[in-house]
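Structural features, examined
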Amino acid sequence: MSNHKITFTYLSQEDLLASGCFDIHMAIEVAEKTMLDYEQHRILFPEKIVQIFDQASQDRINCLPATLLNEEICGVKWVSCFPRNPKSHQVQNLSATFLLSEIERGFPVAVLEGTLASNMRVAAMGAIAAKHLSRQNSEVIGFIGAGEQAKMHLLSMKVVRPGLKECRVAAKTVAEEQQFIGELSPLFPDLKFIGAETHGRIAMENADILVTATSAQAPLLKADWMKPGAFYSHIGGWEDEYEVAQQCDKIVCDDWATVTHRTQTLSRMYAEGLISSNDIHADLHELVSGQKSGRESDSERTYFNAVGLAYIDVAIGLSMYQRAISAGNGLKLDLQQCMIFEHEDIMQQVRL
Ligand SMILES: NC(=O)c1ccc[n+]([C@@H]2O[C@H](COP(=O)([O-])OP(=O)(O)OC[C@H]3O[C@@H](n4cnc5c(N)ncnc54)[C@H](O)[C@@H]3O)[C@@H](O)[C@H]2O)c1
């Protein structure tokens, strides 16, 4: 009898939700722990592979591998970004699938829906940055962008800043703002929601926490709208005037080295010689480990730029898989029953 059977667990988004994986606290804790592991050189994090299918729209699929040496798991996030999807096909922009393998024998252990983990990771990183860089007494949060990332960010920001009282939102259309408010207001009866009727200024001016999460490539956030003491979390590509970063007292990235060769606002400023490594206060893991300071006064303006860290995705995906297994959810699938030449009828299957 062959013992060369390989099985793995398949987990849909519904399996993950039924297993209690939509847990923002869990995502924040895992992200913090994994950043410390990164600092201890316990993470392998190679460069991502990008395949762009249309230069104008930037339709692309990215392959992002990472290994968690402590957990002995190697994973990959396979993620599509099709910015035209919402308008052209009335479907989401981004969709992700994760593959996790153990590194004792190198076999796969799980394939899971990854959009949930990926979006939770972005929001968790924003929230960890807010924990260190926003004022504790922040009351007003403003958004430009009302899509998937913006919604997830409100959930995570409210976890770390429960005193938030007002949420303002500006999107490309009033309908999107209303959808954002309609979906999220039942969760937060203590929050006053304001639709900004597409006016960024109304959403952002005098807010304590500012979030841009758009598919735009334009300087939507104006420096004048960011008051002293405010914290800004930048998620998309080019979304803010250069003066926003230039006026900030501290700029923190999830990974500055990666930002330098991307296309976000800070990347553009770097390419144009307007900003250098000396202007970057820290990478986020340095705030988490206490190597560098977070906010030091009520008047500082602070800027956080997220470009995306696949090892955090893999770590959150692993926690979700473990939760789902404990809950008895998921579909156990066979990759193979035995090795190729061990199949009894293999010689009848071969085509020469
Ligand atoms: N930094 C990261 O780690 C990370 C991870 C995932 C996604 N992203 C990026 O985050 C961005 C948002 O992603 P999403 O999934 O929420 O997209 P989405 O399509 O769900 O939402 C995009 C939002 O942008 C708004 N928008 C577009 N143009 C605008 C304009 N000119 N003015 C005001 N609002 C405008 C739209 O109204 C919409 O609400 C994308 O650029 C995506 O690539 C970043």
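Rules of the game
Residues numbered from 1 in each chain as written. Predicted model: local features only at pLDDT ≥ 70, side-chain atom pairs only at ≥ 80, totals over all residues. Heavy atoms only, no water. Pairing = 2+ DSSP bridges. Helix = DSSP H or I, 4+ residues; strand = E, 2+ residues; numbered from the N terminus. Contact = heavy atoms within 4.5 Å. Axes fitted to C-alpha atoms, helices over the stretch in contact; angles between N-to-C directions. Parallel < 35°, antiparallel > 145°, perpendicular 65-115°, else oblique. Left-handed = near helix turned anticlockwise from the far one by under 90°. Nonpolar A, V, L, I, M, F, W, Y, C, P; charged D, E, K, R; others polar. Domains from an automatic or database assignment. Salt bridge = Lys/Arg side-chain N within 4 Å of Asp/Glu carboxyl O. Polar contact = N/O pair within 3.5 Å; in protein donor to acceptor, adjacent residues only side chain to side chain. Core = buried A, V, L, I, M, F, W, Y, C linked by side-chain atoms within 4.5 Å. Buried < 20%, exposed > 50% of the residue type's maximum accessible area, 1.4 Å probe, protein only. Near = heavy atom within 4 Å. Areas by Shrake-Rupley, 256 points an atom, 1.4 Å probe, with all protein chains shown as cover.

Turning our eyes to something else, we now look at the sheet that holds strand 15 (residues 302–305). Backbone hydrogen bonds are what pair the strands of a sheet, in a parallel or an antiparallel way. Pairing is parallel across the open sheet formed by eight strands, whose spatial order is 10-9-8-11-12-15-13-14. The sheet terminates laterally at strand 10 (192–195) and strand 14 (282–283), the two strands that pair on one side only. Strand direction decides the pairing type here: strand 11 (residues 209–212) and strand 12 (residues 231–234), joined by four bridges, are parallel. From the neighbouring strand, Leu210 faces strand 12, where its bridge partner is Tyr232. The sheet strands contacting helix 5 (residues 148–160) are strand 8 (140–144), strand 9 (166–170), strand 10, strand 11 and strand 12, and the helix crosses strand 8 at an angle near 165°. Helix-sheet contacts for helix 6 (residues 174–184) involve strand 8, strand 9 and strand 10, and the interaxial angle to strand 10 is about 165°.

Turning to the packing of helix 4 (residues 115–133) against helix 5, a few remarks are in order. To describe two helices that pack against each other, one gives the angle between their axes and the distance between the axes. Where helix 4 meets helix 5, the closest approach of the two axes is 8 Å, and the angle between their N-to-C directions is 45°. Taken together, the axis directions place helix 4 and helix 5 in an arrangement best described as oblique. Considering the relative orientation of helix 4 and helix 5, their crossing is right-handed. Facing helix 4, whose interface residues are Leu116, Asn119, Met120, Val122, Ala123, Ala124, Gly126, Ala127, Ala130 and Lys131, helix 5 presents Glu148, Gln149, Met152, His153, Ser156, Met157 and Val160. Residue classes in the contact of helix 4 with helix 5 are distributed as ten nonpolar, five polar and two charged.

Turning our attention to the domain arrangement of the protein. Annotation of the protein at the domain level lists domain 1 (6–117 + 310–349) and domain 2 (135–305). Taken together, the contact pairs 13 residues of domain 1 with 15 residues of domain 2. The shortest N-O distance in the salt bridge between Arg262 and Glu47 comes to 3.6 Å. Remark: the boundary between domain 1 and domain 2 carries three residue pairs in polar contact (both at pLDDT 80 or more). For the side of domain 1 that touches domain 2, the leading source of residues is helix 2 (residues 24–39), giving eight residues. Looking at the side of domain 1 that touches domain 2, its residues break down into eight nonpolar, one polar and four charged.

As a further point, take the nonpolar core. Ranked by size, the top nonpolar core spans 76 residues in total, and within it Leu154, Phe180 and Leu284 carry the most contacts. Broken down by element, the residue count for this core peaks at twelve residues, all from helix 4. Setting aside anything within four residues of it in sequence, one finds Leu154 in contact with Ile141, Phe143, Cys167, Phe180, Leu184, Phe188, Leu191 and Phe193. Residues Leu210, Leu221, Tyr242 and Tyr303 belong to the second largest nonpolar core, which totals 29 residues.

With respect to the element layout, Gln264 can be found in the loop between helix 9 (256–259) and helix 10 (265–271). Overall, Gln264 belongs to the buried group, its relative accessible area being 5%. Engagement of the side chain of Gln264 in a polar contact is seen with the backbone oxygen of Gly236, the distance being 3.0 Å. If near-sequence neighbours (up to four positions away) are discounted, Gln264 is found in contact with His234, Ile235, Gly236, Gly237, Trp238, Val259, Asn305, Ala306 and Val307.

Here we take up the site of the ligand. Around the ligand, 24 residues are found, and the nearest of them are Ala146, Gln149, Glu176, Thr214 and Ala306. A distance of 2.9 Å is found between an oxygen atom of the ligand and a backbone nitrogen or oxygen belonging to Thr214. Measuring from a nitrogen atom of the ligand, one finds a backbone N or O atom of Ile235 at 3.0 Å. In isolation the ligand exposes 860 Å². Once the protein is present, 85% of that is buried. Elements with a minimum of two residues in the shell around the ligand: helix 4 and helix 5.

Right, let's talk about the pattern of salt bridges for a bit. As enumerated under the stated definition, the model contains 22 salt bridges in all. The partner of Lys33 in a salt bridge is Asp37, with the nearest N and O atoms 2.4 Å apart. Of this pair, Lys33 and Asp37 both sit in helix 2, four residues apart, roughly one helical turn. What makes Lys33 partly exposed here is its relative accessible area of 37%.

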